[in-house]
Amino acid sequence: MTPFRAGLLALLLTLLLDQASKLGLYFGTDLVLTQPWRLAPFVDFVVVWNRGVSYGLFQQEGGIGRWLLVVLSLAAAIGLGIWMRRAGSRLLGVALGLIVGGALGNAIDRAAYGAVFDFVHLHAGGWSWYVFNVADAAIVAGVIGLILDSLSPDSRKERPLPSQGDPAPRL
């Protein structure tokens, strides 16, 4: 499987799992009325509408901020998608696919509801992590993949650019 196809598969699976989990929990359960759901001593399902970006920063209450974040997410997804098309390794392709899938999943929420539906709350003792969703987890995993790919000896080698007579890379 080429790096682009692997990335595309990661993108589609991320988007599908993200939207299915959000729609299933929000519309298919009574989580809104009966939260929190204790899944383990360190994890709950709750309903949080995030109108900002990561960790709830830059909260946007108005329509302009909401649509600005949607446009920014789509622009990032397009740019990262172009990079994914040119990825030289499967790890890089999958990492970029996870990030693009997560960005698109959260952009769909923002466009449809004006905020991102977050529902997983990790905590232990007095420590509490932010509330997140599948898209957020995929973005974090994708960033870790980017870091690992950049540390790979193969990624540090200069890759030759195709000459004008060379055929385009296959999908």
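Keep in mind it's a predicted model, so treat the numbers as computed, not measured.

Conventions adopted
Residues numbered from 1 in each chain as written. Predicted model: local features only at pLDDT ≥ 70, side-chain atom pairs only at ≥ 80, totals over all residues. Heavy atoms only, no water. Helix = DSSP H or I, 4+ residues; strand = E, 2+ residues; numbered from the N terminus. Salt bridge = Lys/Arg side-chain N within 4 Å of Asp/Glu carboxyl O. Buried < 20%, exposed > 50% of the residue type's maximum accessible area, 1.4 Å probe, protein only. Expected span 1.5 Å × (residues − 1). Polar contact = N/O pair within 3.5 Å; in protein donor to acceptor, adjacent residues only side chain to side chain. Pairing = 2+ DSSP bridges. Contact = heavy atoms within 4.5 Å.

*Asks:* Looking at this model, I keep getting lost on unusual backbone geometry. Mind explaining?
*Replies:* Glycine aside, the phi torsion of most residues is negative, and most peptide linkages are trans. For the bond running from Gln-35 to Pro-36, omega is -5°, close enough to zero to count as cis. Within the secondary structure, Pro-36 sits in the loop between helix H2 (31–34) and strand S1 (37–40).

*Asks:* Looking at this model, I keep getting lost on the pattern of salt bridges. Mind explaining?
*Replies:* Where charged atoms of side chains with opposite charge meet at close range, the side chains can pair. Within this structure, the stated rule accounts for three salt bridges. A salt bridge links Asp-109 to Lys-22, with the shortest nitrogen-to-oxygen separation between them at 2.8 Å. Of this pair, Asp-109 sits in helix H4 (residues 90–113) while Lys-22 sits in helix H1 (residues 3–28), placing them 87 residues apart in sequence. Judged on exposure class, the residue Asp-109 and its partner Lys-22 are both buried. Where Asp-44 meets Arg-38, a salt bridge forms, and the shortest distance between an N and an O atom there is 2.6 Å. The exposed category is assigned to Arg-38, whose relative accessible area is 56%. Residues participating in the shared-partner salt-bridge network are Asp-18, Lys-22 and Asp-109.

*Asks:* How should I be thinking about helix H5 (residues 134–151) in this particular structure?
*Replies:* Counting along an α-helix, one turn takes 3.6 residues, and residues three or four places apart therefore face a common direction. Helix length check: H5 (18 residues) gives 26 Å between terminal C-alpha atoms against 26 Å at 1.5 Å per residue, within 8%. Taken residue by residue, H5 has Ala-135, Asp-136, Ala-138, Gly-142, Gly-145 and Asp-149 as its buried positions. The backbone nitrogen of Ala-135 lies 2.9 Å from a side-chain oxygen of the residue at the head of H5, namely Asn-133.

*Asks:* Would you mind showing me how to read the pairing of strand S2 (residues 43–50) here?
*Replies:* Looking along a regular strand, one sees side chains alternate from face to face of the sheet. Burial within S2 is extensive, with six of its eight residues counted as buried. With three bridges connecting them, S1 and S2 associate as antiparallel partners. Looking at S2, one finds that Trp-37 is bridged to Phe-45. Between S1 and the antiparallel strand that follows it, S2, lie two residues. Looking at chain direction, S2 and strand S3 (residues 116–124) are connected through six bridges and run antiparallel. Looking at the pairing, Asn-50 lines up with Val-116 of S3.

*Asks:* So what exactly am I meant to see when it comes to the side chain of Asn-133 here?
*Replies:* If you trace the backbone, Asn-133 turns up in the loop between strand S4 (127–132) and H5. Only 3.1 Å separates the side chain of Asn-133 from the backbone oxygen of Phe-117, close enough to count as a polar contact. Among the polar contacts made by the side chain of Asn-133, one reaches the main-chain amide nitrogen of Ala-135 at a distance of 2.9 Å. Residues within four places of Asn-133 in sequence aside, it is in contact with Asp-18, Lys-22, Asn-106, Val-116, Phe-117, Asp-118 and Phe-119.

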